[in-house]
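# An overview of the molecular structure
These are the residues of each chain, in order.
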Amino acid sequence: MRPGYRLGAKNKARPVPPPTPRAPGGQVRGPDLERPADAEAVPSSVVWASRVALGAAILGMGVATYLTIAHYDSSVTLACPGSPTGLVDCARVTTSPQSKFLGIPVAVLGLFYFVSMVVANLPQLWRLYIKEVVLARAAFSVVGMGFALYLIAMELFVIGQICIWCTAAHFLAFVLLVSIIGASGAVWPWCRSWRERAS
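A brief structural summary. Bear in mind the structure is a predicted one, so any value in this text is a computation, not a measurement.

## Some points on the state of the cysteines
In the structure shown here, the tally under the stated rule is one disulfide. In this model Cys80 forms its disulfide with Cys90; the gap between the sulfur atoms is 2.0 Å. Here the disulfide of Cys80 and Cys90 is right-handed, its torsion about the S-S bond being about 70 degrees. Here Cys90 lies in helix H2 (residues 90-94) and Cys80 lies in the loop between helix H1 (44-72) and H2, a separation of ten residues in the sequence. The thiol of Cys163 is not disulfide-bonded; the next cysteine sulfur, from Cys166, is found 3.2 Å away.

Written out as structure tokens, the structure reads:
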């Protein structure tokens with residue numbers, strides 16, 4: 001009997017099927033060998049990380065919306081414990097010269113960032129497994145955290161006081177960074193570029 005063949009029920013040689021290709025971690029890959037056939041093939045840690053990222057983005061959008069309304073509506077006073085002589089003073093932080101970046105209110109920039117991250121972390125986009133989408137999402141989370149660090153430095157070393165609502169937004173940006181970077185690394189083995197998908 002030739003190698004690679006086995007006997008059937010009537011002792012006729014028939015080819016032995018090749019082993020099923022497997023993705024990293026021993027998971028069976030789909031026919032295109034590029035991404036899981038369905039969401040169940042993705043590690044559960046990726047699913048949870050993407051959900052955490054989406055939740056953080058939604059919360060951040062709420063915080064940024066509140067700060068934006070307070071910026072444009074003088075009748076709205078931020079609910080913020082503290083005093084002008086203490087470490088916490090939301091009013092002073094949000095009305096300081098540092099509350100604008102290149103002439104744009106920081107609250108508006110934060111709102112744009114979190115709305116973008118809500119869209120970027122929708123389950124439908126996570127399931128695309130496209131390299132450019134994964135890289136753009138991760139890069140935007142890094143930019144957001146970098147800008148948050150800049151604002152923290154302005155609060156501590158220039159203004160000398162902090163805003164708890166701003167601090168909440170900075171924390172949510174950090175949660176986004178950690179969850180997105182972790183999930184992106186896990187799904188990367190299944191991702192293809194736009195060009196590869198088109199070919």
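## Side note on the nonpolar core
Among soluble globular proteins, nonpolar side chains are generally buried collectively. Counting 29 residues, the largest nonpolar core has Leu67, Tyr113, Phe114, Met117, Leu176 and Ile180 as the members making the most contacts within it. Counting residues per element, the ones that place at least two in this core are H1, H2, helix H3 (106-120), helix H5 (131-159) and helix H6 (164-187). Every residue in contact with Ile180, bar those within four places of it in the chain, is listed here: Ala53, Met117, Asn121, Trp126, Arg137, Ala138 and Ser141. Counting nine residues, the second-largest nonpolar core is a separate cluster that includes Val46, Ala49, Tyr129 and Val134.

## Focus: the layout of surface pockets
Taken as a whole, the largest pocket holds about 820 Å³ of empty space. Lining of the largest pocket is provided by 44 residues; of these, Leu67, Val106, Ala107, Leu151 and Cys166 occupy positions nearest its centre. Elements supplying a minimum of two residues to the lining of the largest pocket: H1, H2, H3, H5 and H6. Sort the elements by how many residues they give to the lining of the largest pocket and H5 lands first, with nine residues.

## Section: the side chain of Asp89
On the secondary structure map, Asp89 appears in the loop between H1 and H2. In this structure Asp89 is buried but unpaired, with Arg92 as the nearest side chain of opposite charge at 5.9 Å.

About the thresholds
- Residues numbered from 1 in each chain as written.
- Predicted model: local features only at pLDDT ≥ 70, side-chain atom pairs only at ≥ 80, totals over all residues.
- Heavy atoms only, no water.
- Disulfide = S-S within 2.5 Å.
- Helix = DSSP H or I, 4+ residues; strand = E, 2+ residues; numbered from the N terminus.
- Core = buried A, V, L, I, M, F, W, Y, C linked by side-chain atoms within 4.5 Å.
- Buried < 20%, exposed > 50% of the residue type's maximum accessible area, 1.4 Å probe, protein only.
- Contact = heavy atoms within 4.5 Å.
- 1 Å grid on protein atoms, 1.4 Å probe; cavity = no way out; pocket = protein on both sides within 12 Å on 5 of 7 lines; lining within 4 Å.
- Points joined across faces, edges and corners; volume = space filled by probe spheres on them.
- Lys, Arg positive; Asp, Glu negative; His and termini not counted.
- Salt bridge = Lys/Arg side-chain N within 4 Å of Asp/Glu carboxyl O.

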